[in-house]
Structure formats: structure tokens, C-alpha cells
Amino acid sequence: MSLRPLRRVVCALSGGVDSAVAALLLRRKGYQVTGVFMKNWDLLDEHGACTSDQDCEDAYRVCKMLNIPFHQISYVKEYWHEVFSNLVKEYEMGRTPNPDIMCNKNIKFKYLLQFAVEMLGGDAMATGHYARTSQHDEEVFQNKPTGITEDSYNNHCKDAVKLLQAADTKKDQTFFLSQISQHALRHTIFPLGALRKNVVKELAAEAGFHHVLKRKESMGICFIGERNFENFILEYLEPRPGNFVSIEDGKVMGTHKGWFLFTLGQRARIGGQRDAWFVVDKEINTGDVFVAPGTTHPALYRNSLQIDPVHWIAQDAPLELLRDRVMQCSFRFQHQMPLVPCQLIFNPDDTVWVTLANPVRAATPGQFAVLYKDQECLGSGKIKGLGPSIYTLQQGEGAELARPRRLT
């Protein structure tokens, strides 16, 4: 009787509880597990605090407790060129980027996967994301690593591996995985996909991972952490003073240090105002940041938007959309917002027009529209432009003042 071949899995460790339990579960399945910690941000670049060293130490302790090899790999240069410089450029253009999605696409599921396969001899990579796929572990191991980091399959989408929402829908992280390649998905295991967060914490406690259980959930910019955003971004962009302008009557309400400090839907702290005002639009040519009174002002809501050509996880667009140029599905542009039913219309230039069943608040150019059909994450596209706000539709096209059309 032939023995089952040894399965080598490289598990990405962040120093947090989720990736620690992912490594634990892989170990329990009898796989040969190696832990890898990525360093993506150089402490010497910052005046603020960063927890990277502590994260690395916590990940190392997990590996020691599981008796598995530990590696640290630095992608500081790659992160700077392929994620952070893009983030700064997007803010400067008046858009609001999502570095977490781009970090997964360009760093973890590209460079780290390549390192896992080519340098560590891994048969698969694993992460602590709450997500599932349409293939079983054994099928992952049948996908022989090729060293190719980009999609090179000629298979149609019906043969593609699907990215599916996690069993714990509140913790589901397919949103952040919506730009990864079919190649990466074929070679990745998500051990936490069928588990709820409370079960993961129980497993961590049973395993004695008390040092990671004490940690707060990570927040803030991917790998950079929590810090004062205004102070942080002004280290990379020069102040560009401009005016806060009322969307209703064109009155100048106050001044600001730069349009890139604000995203749509954010409260604008304007001196001398009793009521709360919120950002509803920006115009980088004039430096004006348009504001409206109240967090539910109709200028904050829109029911249509245009997105750049979609990154389809199956590589091809769904057959229904290719055939009919129209398709019903669901959409979100923030990780934990409820899914909104929508209709997609394929444009001749491969951009997609999205019409929403219900208006959404503060959809923002630069963020990703992530598309779902049933439990499958189909992929995502960057929001390119917005349709008219509900305020415009209520007031007529002249309501938002005779100002240049919004940025794209």
C-alpha cells in the first residue's frame, strides 16, 4: 500500500489569532507546515509607532509552540512601489483607495505565494482569511505549482475555482480577496472558512495562544496600522488649502488643508458651525470640498455608478453577462456594508455601469465595487465615477451649482 505523499503548506502569519489558528488546524491535519511573517513597512520611514516587531515576535512564538519552521520575509520595497505609492497618488487625484485589497493582490497572493512555492517548496499556501473556495484541500494539492504568478489558464469560467463567502458572514473577508488571481486561488487554502470567530478564539485558548488572544483586532491602513490620518498623509503630500463649500447655496463655510484629507461621507469639522456637515463631493481643479448639513442629506446618496473593467476571479465575465450584456447580482463597496441588489450593464469599453436597487451612502471613486452572486464573490472593479446624487435628481440638474463635472 502506497503512503500518502507529504503535503507541504506555507502559512502566512500576521501575529494575530486568526492566522495562528489557521496554522494550528493545518498542523492537526498532518500537513508539513511552515510559518512565514511578511514585513511590508520600514520603521525607519516613520516617526509614528508601528507594531511590526511585536507582530513578528508573536508569530514566531506561535511557530515555536507548534514546532514548525519560521521565516521572515521583507517586501518593503515591493509594498512601497506597488501599494503605497499608488495609495498616495490616488489620494492626490481626489480618490479614496483601498490598500488592503491591493496588498492582497500585489504582495501576499503574488510575491509571498511565489516565495512559498519556489523558495520553500510549498505545495500550497494558507492564510487566516475568513473565506472558502469551491475546491477541497486535496484538489489544491493536485494543482501542481508552476512558479507562474499570473493567470495563464485557458479554462472557461465554468471550470474555474470559485471564491465563496465564509460560514461566518459577519467576519467574511472575500471583500479583501476580490482582486486575487485565479492562479493564487487554485494554490491557496483557507482553514477558517467554515468556522465562526468564537470557535477560532476557543481553539486558540485551548492551544495556549494567550499572547495572540490579548491583541486587539488590527485596524488602519494595511501593514501601517492606526495613526492620525491627516498627520500621516501630510508627510507625503504638500498641503493644498481650499474651501468647504455648501452644496445647497454655494456659500463658503470654511477652509481646509487639502481635498485629499477627506473622503465622501466623512464629517467635515468646520469651525463655528453648530450643526454637523458632511463631505458630498470634491473638485481638485478648484480645491473645493462640497459639504451638506446632516449625515443623511440626499446629496450623500446615489443609485448608480460606473466601475473600471472588472477583475473577474474566474478570469472570464459570467456567461450571462457576456451573452446578455446585462446581469443581476449584488454589490458592496465597504467590507461590512449589507449587500445591495444591483444590475450590471456591460459597456463597449469594458467598464460596467451599476444600477442599485436602493441608493447607497457615500459611494466613493477609488474604492472597489465588489460583486457577489449568491455566496460567490465574482470579483471587483474600481469605482470610476458616480451617477447623479438623489439631491440632484430631486432638485434638477442645476441644483449642484454650475461646477465642473465630478472627477473620474
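Residues numbered from 1 in each chain as written. Predicted model: local features only at pLDDT ≥ 70, side-chain atom pairs only at ≥ 80, totals over all residues. Heavy atoms only, no water.

1. Looking at helix α4 (residues 99-118)
Of all the bends in α4, the largest measures some 25° and sits at Lys105. α4 sits mainly inside the fold: 15 of its 20 residues count as buried. (Bend = angle between axes of the 7 residues up to and from the residue. Helix = DSSP H or I, 4+ residues; strand = E, 2+ residues; numbered from the N terminus. Buried < 20%, exposed > 50% of the residue type's maximum accessible area, 1.4 Å probe, protein only.)

2. Quick notes on the sheet that holds strand β10 (residues 267-268)
Pairing within the open sheet is mixed, and its five strands lie in the order β9-β8-β12-β11-β10. The open sheet terminates on both sides in strands that have one partner only, identified here as β9 (252-256) and β10. Across four bridges, the pairing between strand β8 (residues 242-246) and β9 is antiparallel. Residue Phe244 lies in a different strand from β9, and its bridge partner there is Gly254. (Pairing = 2+ DSSP bridges.)

3. What to know about the packing of helix α1 (residues 17-28) against helix α7 (residues 197-206)
The geometry of α1 relative to α7 is characterised by a closest axis approach of 9 Å and an angle of 70° between their N-to-C directions. Taken as axis vectors, α1 and α7 run roughly perpendicular relative to one another. For the pair formed by α1 and α7, the contact residues are Val17, Asp18, Val21, Leu24, Leu25 and Arg28 on the first element and Lys197, Val200, Leu203 and Ala204 on the second. When the residues that make up the contact of α1 with α7 are grouped by side-chain class, the tally is seven nonpolar, no polar and three charged. (Axes fitted to C-alpha atoms, helices over the stretch in contact; angles between N-to-C directions. Parallel < 35°, antiparallel > 145°, perpendicular 65-115°, else oblique. Contact = heavy atoms within 4.5 Å. Nonpolar A, V, L, I, M, F, W, Y, C, P; charged D, E, K, R; others polar.)

4. Topic: unusual backbone geometry
Unlike most non-glycine residues, Arg325 shows phi in positive territory, near 65°. Here Arg325 lies in the loop between α10 (319-324) and β15 (326-332). We classify Arg325 as partly exposed; its relative accessible area is 36%.

5. Observations concerning the packing of aromatic side chains
In the structure shown here, the tally under the stated rule is 13 aromatic pairs. Ring centres of Tyr31 and Phe141 lie 5.2 Å apart, and the angle between their planes is 70°; this geometry places the pair in the edge-to-face category. Of this pair, Tyr31 sits in the loop between α1 and β2 (32-39) while Phe141 is found in helix α5 (residues 137-142), placing the two residues 110 residues apart along the sequence. One exposure class covers both Tyr31 and Phe141, and it is buried. (Phe/Tyr/Trp six-rings, centres within 6.5 Å; stacked < 30°, edge-to-face > 60°.)

6. Describing the pairing of strand β11 (residues 277-283)
Along β11, seven of the seven residues are buried, which leaves the element largely enclosed by surrounding structure. With six bridges joining them, β11 and strand β12 (residues 288-293) adopt antiparallel strand pairing. Within β12, the residue paired with Val279 across the bridge is Val291. Between the end of β11 and the start of β12, which pair antiparallel, lie four residues, with Gly287 showing a positive phi angle near 85°.

7. With respect to empty space enclosed by the protein
All told, the structure shown has three cavities of 30 Å³ or more when counted by the stated rule. What the second largest cavity holds in volume is close to 60 Å³. Put simply, the parts of the chain that give the lining of the second largest cavity at least two residues each are α3 (76-92) and α4. Among the residues making up the lining of the second largest cavity, the classes are represented as six nonpolar, three polar and two charged. (1 Å grid on protein atoms, 1.4 Å probe; cavity = no way out; pocket = protein on both sides within 12 Å on 5 of 7 lines; lining within 4 Å. Points joined across faces, edges and corners; volume = space filled by probe spheres on them.)

8. Concerning the pattern of salt bridges
Across all of its chains, the model carries 13 salt bridges by this definition. With its nearest N and O atoms 2.9 Å apart, the salt bridge here joins Asp18 to Lys197. Highlighted residues: Asp18 in helix α1 and Lys197 in helix α7, separated in sequence by 179 residues. For the pair shown, Asp18 and Lys197 are each scored as buried. For the salt bridge of Arg95 with Glu90, the shortest nitrogen-to-oxygen distance reads 3.0 Å. As far as the burial class goes, Arg95 and Glu90 line up, both buried. Shared partners join several salt bridges into a network, and the residues in it are Glu90, Arg95 and Lys382. (Salt bridge = Lys/Arg side-chain N within 4 Å of Asp/Glu carboxyl O.)

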